[in-house]
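In case you want the letters, here they are:
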Amino acid sequence: MKVTSAEFVKSAFTEKDWPRDGRPEVAFLGRSNVGKSSMINSLLGVKGLARTSSTPGRTQSLNYFLINQKFYFVDLPGYGYARAPREVRESWGEFVTDYLAKREPLVLSIHIVDSRHEPTKLDLQLREWLTVYAKPRVVVATKSDKLSNNDLRKNLERARRALSVDRVIAYSAATGQGREEVWRTIEENITDFRF
Ligand SMILES: Nc1nc2c(ncn2[C@@H]2O[C@H](COP(=O)(O)OP(=O)(O)OP(=O)(O)O)[C@@H](O)[C@H]2O)c(=O)[nH]1
Ligand SMILES: [Mg+2]
């Protein structure tokens, strides 16, 4: 995909802030600090559009980016940040399930895990929700540049098993590994969207 324009549109704090123009959207979900914002920036080929945060887990909002005037990327709040305020940690599930349950233009959820680590309990929980709400999703294991090829291969297999999926795409915002495959997956899902 050639990215001709990418702009931050808004932070949506409640359902009434969700865009109503019917454009399809792709959501980026994963643990706090896993690399969601970095993946968005590296897919778009820009630096600093999606903020890579040094104060994780503070706000719960969906951050909307409009790409090529055609579709949205949605940066979701990360989960599992131990030092987030308790009420934020506890309401995360409600915030995300509400979105997954209701959001019709959501054509693809990109579930991001850390390629170095075994999927966490919260990763399994998210996987469960994506299954329950029957949302198209793809699992992407990021920070692959931090592993040897051999460890990467082993960890991808472990993630596939733990999350019961056929495919886990290795990704690196640092080297660009996986970028083409993720874009292909995004394009396929956007093309299928009819409204
Ligand atoms: N080496 C390497 N570092 C990465 C990669 N992706 C992200 N990082 C680093 O990981 C840290 C967290 O990245 P973010 O993109 O802010 O993660 P996030 O998931 O958006 O974090 P929250 O918004 O706080 O939940 C930053 O220091 C990034 O530079 C990657 O592919 N390779
Ligand atoms: Mg972020």
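One structure accompanies this document, and this report is about it. (Residues numbered from 1 in each chain as written. Chains lettered and ligands numbered in written order. Predicted model: local features only at pLDDT ≥ 70, side-chain atom pairs only at ≥ 80, totals over all residues.)

1. With respect to the overall build of the protein
Of regular secondary structure, the protein possesses 5 helices and 7 strands. Put simply, the protein runs from its N terminus to its C terminus through helices and strands in the order β-β-α-β-β-α-β-α-β-α-β-α. For 195 residues, the compact-globule estimate of 2.2 N^0.38 gives 16 Å, and the C-alpha radius of gyration of the protein, at 16 Å, lies within 12% of that figure. The burial tally for the protein puts 38% of its 195 residues in the buried class. (Helix = DSSP H or I, 4+ residues; strand = E, 2+ residues; numbered from the N terminus. Rg over C-alpha atoms; globule rule 2.2 N^0.38 Å. Buried ≥ 20, exposed ≤ 12 C-beta atoms within 10 Å, placed from the backbone.)

2. So, helix α4 (residues 149-163)
One turn of the α-helix equals 3.6 residues, which is why residues spaced by three or four share an orientation. The end-to-end C-alpha distance of α4 is 21 Å, a good match for the 21 Å that 15 residues give at a rise of 1.5 Å each. Among the residues of α4, those classed as buried are L152, N155, L156 and A159. All buried residues of α4 project into a common sector of 105 degrees when viewed along the axis, lining one side. Exposed residues on α4 whose side chains face more than 90 degrees from its buried face are N150, R153, K154, E157 and R161. (Expected span 1.5 Å × (residues − 1). Arc of directions from axis to C-beta.)

3. Let's talk about the sheet that holds strand β1 (residues 6-12)
In spatial order, the strands read β1-β3-β4-β2-β5-β6-β7; together these 7 strands make up an open sheet with mixed pairing. The sheet terminates laterally at β1 and β7 (168-170), the two strands that pair on one side only. The average angle at which neighbouring strand axes cross in this sheet is 25 degrees, direction not considered. Pairing of strand β6 (residues 137-142) with β7, which is carried by 3 bridges, proceeds in the parallel orientation. (Pairing = 2+ DSSP bridges. Axes fitted to C-alpha atoms, helices over the stretch in contact; angles between N-to-C directions.)

4. A short note on the environment of S61
Structurally, the position occupied by S61 is in the loop between α1 (36-44) and β3 (62-67). Residue classification places S61 among the partly exposed residues on the basis of 16 C-beta atoms within 10 Å. With 44 residues separating them in the primary sequence, S61 and D17 have C-alpha atoms 9.9 Å apart. The contacts of S61, once residues within four sequence positions are left out, are S11, A12, F13 and P77. (Contact = placed C-beta atoms within 7 Å.)

5. With respect to the pairing of β6
Extensive coverage of β6 is indicated by the burial of 6 of its 6 residues. Neither face of β6 is left uncovered, since the one carrying R137, V139 and A141 and the one carrying V138, V140 and T142 both have all their residues buried. Here strand β5 (residues 106-114) pairs with β6 via 6 bridges, running parallel. From the neighbouring strand, S109 faces β6, where its bridge partner is R137. What joins β5 to β6 is helix α3 (residues 121-132), and the crossover it makes is right-handed. The parallel pair β6 and β7, bridged by α4, forms a crossover whose chirality is right-handed. (Right-handed = clockwise from strand over helix to strand, strands pointing away.)

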